[in-house]
Amino acid sequence: MGRQYTLASEVALSGIGLHTGVTVHLRLCPAPAHTGVVFRRTDLDGFAIEAQSRHVARVSYATSLMKKGVLISTTEHLLSALAGMGVDNAIVEIDNLELPIVDGSALPFVKLIRQAGLRPQRARRSYARILKPLELADGPKKIAVYPSDTLTVSYAINFPHPVIGAQSLDFAPGARSYEDNVAPARTFGFLAEVEMLLKSGLVKGGSLENVVVLDPQRVMNPEGLRFPDEFCRHKILDLIGDISLFGHPLIGHVVADRAGHAMHARLVSQLLHQRNCWELTTDPPLRSDPVLSVPAELAVAGA
Ligand SMILES: [Zn+2]
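Below or above, wherever it landed, is the structure these notes cover. (Residues numbered from 1 in each chain as written. Predicted model: local features only at pLDDT ≥ 70, side-chain atom pairs only at ≥ 80, totals over all residues. Heavy atoms only, no water.)

### A few points about the pattern of salt bridges
Then step 1. The tally for this structure, following the rule as stated, stands at 13 salt bridges.
Then step 2. The partner of Glu-230 in a salt bridge is Arg-186, with the nearest N and O atoms 2.7 Å apart. Placement of Glu-230 in helix H5 (residues 230-243) and of Arg-186 in the loop between helix H3 (178-181) and strand S16 (188-190) is noted, with a sequence separation of 44 residues between them. Each member of the pair, Glu-230 as well as Arg-186, carries the same accessibility label: buried.
Then step 3. Note that Arg-258 is salt-bridged to Asp-257, the shortest N-O span being 3.0 Å.
Then step 4. You can call Arg-258 partly exposed: its relative accessible area is 33%.
Then step 5. Residue classification places Asp-257 among the partly exposed positions, given a relative accessible area of 21%.
Then step 6. Counted as one network, the salt bridges with shared partners bring together Glu-10, Arg-27 and Glu-93. (Salt bridge = Lys/Arg side-chain N within 4 Å of Asp/Glu carboxyl O. Helix = DSSP H or I, 4+ residues; strand = E, 2+ residues; numbered from the N terminus. Buried < 20%, exposed > 50% of the residue type's maximum accessible area, 1.4 Å probe, protein only.)

### Looking at the sheet that holds strand S12 (residues 134-138)
Then step 1. In spatial order, the strands read S12-S13-S19-S14-S15; together these five strands make up an open sheet with mixed pairing. At either margin of the open sheet sits one strand with a lone partner, and together these are S12 and strand S15 (165-171). Within the sheet, the average angular offset between the axes of one strand and its neighbour, ignoring direction, is 5°.
Then step 2. Sheet topology note: the S12/strand S13 (residues 141-146) ladder contains five bridges and is antiparallel. By the bridge assignment, Asp-138 is partnered in S13 with Lys-141.
Then step 3. This element, helix H6 (residues 261-273), spans S12, S13, strand S14 (152-159) and strand S19 (253-257) of the sheet and lies at about 145° to S12. (Pairing = 2+ DSSP bridges. Axes fitted to C-alpha atoms, helices over the stretch in contact; angles between N-to-C directions. Contact = heavy atoms within 4.5 Å.)

### So, the coordination of the zinc ion
Then step 1. Protein-derived ligands of the zinc ion are His-77 (NE2), His-234 (NE2), Asp-238 (OD) and Asp-238 (OD), with the metal-ligand distances lying across 2.1 to 2.7 Å.
Then step 2. Viewed at the metal, the four donor atoms of the zinc ion are separated by angles of 53 to 149°, and the geometry they form is irregular.
Then step 3. Each donor residue of the zinc ion lies on the same chain, and together they follow the pattern H-x156-H-x3-D. With His-234 and Asp-238 both in helix H5 and four residues apart, the pair spans about one turn of that helix.
Then step 4. Given the relative accessible area of 7%, Asp-238 is considered buried. (Donors = N, O, S within 2.8 Å, 3.2 Å for Na, K, Ca; no water. Tetrahedral: all angles 85-135°; square planar, octahedral: opposite > 155°, others 65-115°.)

### Digging into the packing of aromatic side chains
One pair of aromatic rings is described through two measures. These are the centre distance and the angle between the planes.
Then step 1. Inspection of every chain in the model, using the stated rule, returns five aromatic pairs.
Then step 2. Both rings, one in Phe-159 and one in Phe-190, keep their centres 5.5 Å apart while their planes meet at 45°; by these two values the pair is tilted. Here Phe-159 is found in strand S14, whereas its partner Phe-190 is found in strand S16, with 31 residues between them in sequence.
Then step 3. For Phe-159, a relative accessible area of 23% puts it in the partly exposed group.
Then step 4. Taking the centre distance of 6.5 Å and the plane angle of 90° together, the rings of Phe-188 and Phe-190 count as edge-to-face. (Phe/Tyr/Trp six-rings, centres within 6.5 Å; stacked < 30°, edge-to-face > 60°.)

### Notes on the sheet that holds strand S11 (residues 127-130)
Then step 1. With mixed pairing, three strands are arranged side by side in an open sheet as S18-S11-S20. Each edge of the open sheet carries a strand with a single partner, namely strand S18 (250-251) and strand S20 (278-281).
Then step 2. Of the pairings in the sheet, the one linking S11 to S20 comprises four bridges and is antiparallel in character. Looking at the pairing, Arg-129 lines up with Glu-279 of S20.

### Overview of the nonpolar core
Then step 1. Core analysis: the largest hydrophobic core is formed by 72 residues, its most contacted members being Leu-26, Phe-39 and Tyr-178.
Then step 2. In contact with Leu-26, not counting residues within four places along its chain, are Val-11, Ala-12, Leu-13, Leu-78, Val-92, Glu-93, Ile-94, Leu-99, Pro-100, Phe-109 and Leu-112.
Then step 3. Formed by six residues, the second largest nonpolar core is a distinct cluster that contains Leu-18, Ile-101, Leu-197 and Val-211. (Core = buried A, V, L, I, M, F, W, Y, C linked by side-chain atoms within 4.5 Å.)

### Regarding the packing of helix H1 (residues 76-84) against helix H2 (residues 107-116)
Then step 1. Between H1 and H2, whose axes approach to 9 Å, the crossing angle comes to 45°. Taken together, the axes of H1 and H2 are oblique relative to one another. Note that H1 runs across H2; the crossing there is right-handed. Every residue of H2 that contacts H1 at His-77, Leu-78, Ala-81 and Leu-82 is listed here: Phe-109, Val-110 and Ile-113.
Then step 2. Tallied by class, residues from the contact of H1 with H2 come to six nonpolar, one polar and no charged. (Parallel < 35°, antiparallel > 145°, perpendicular 65-115°, else oblique. Left-handed = near helix turned anticlockwise from the far one by under 90°. Nonpolar A, V, L, I, M, F, W, Y, C, P; charged D, E, K, R; others polar.)

Below you can see the structure in the form of C-alpha cells.
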C-alpha cells in the first residue's frame, strides 16, 4: 500500500529569485500527514499559502501562488522536485516572495530532499485515478489526460530553432527515474525574449548560470546542454510541478503538445471541476510506481 511521506529532517538553501533578483532563504521542514505542501512567508509572520490550484495567481513565465494579496512566485521547480521525489507533506519557509532559481533546474532541490531524507507516515496516500478523458486546446497548443494504469507524461514541443525543432518524450516514472532524467533539465529562453523580459522588469536574476539562453543559431551557455532534448525534459519537469497543485498524485496519462504553465494550470482546474472524470483511491497504481513513489534508499525507518 502507498503511504504518505514527509521529510526526515529540516534542510535549507539560499539563492536568488529569477525574476526579482533578490536573495531568498529557503527551508524545507517535515509536516504531519494530510498537510500537503504549504508555503510560509517568514518575512510576513509566517503567512501560509497552500500549494493548491485555487491559489494559482499568474502563470505566464512562472507559476505563482497568491492568497489575500500575498504572493509566492516561481514555485514550479520546487513543487516538481517534491512530487518527483515522493514528498507528500512539507512546510516550505521562504523570507521573500520568490523561490530561488538556483541552477534553473530541479536538481538542487532534489539534492536538498536527499539530504533531508524521507520518513513514511501512517496515513495512506490517496491518488486521483482518471476515469474519463479530458482534452483542452488553445490553437495549436493541446493538453489532455486519459485513463491509464500508472502516471505517464508524454510531451511534445516544436520551436523553429536549429537547436530545438520538434522534440518529444514519454516519461513513465516507474521506468525512468525522475532524478536522473527530468530533474537536471534547466529552464530556457531565447535571447530576444530575455531582452524583452528585462525591459518589462522581469528576469532580473537571470544569467547563464540559471537559464539556457539561445541566440538565433546556438546555445550561448559555454557548458552546452545537459541532454540533447533538455528543453522537452524541462517542460515535463514544469508539468510535474504544476499538476501537483491538483492535491493528489494522478493515475493517468497526461499528453501535452506545445503547452506551458497556463495550460497545465487549466488542466488542473478543469479536472477539479469535472468531478466525474476521476475518483480518489488509496490503491497504488497497478503497472508501476507513480511519480511520487519513494526511491527505496531514501526511505528511513519511521512511523
Ligand atoms: Zn520551468
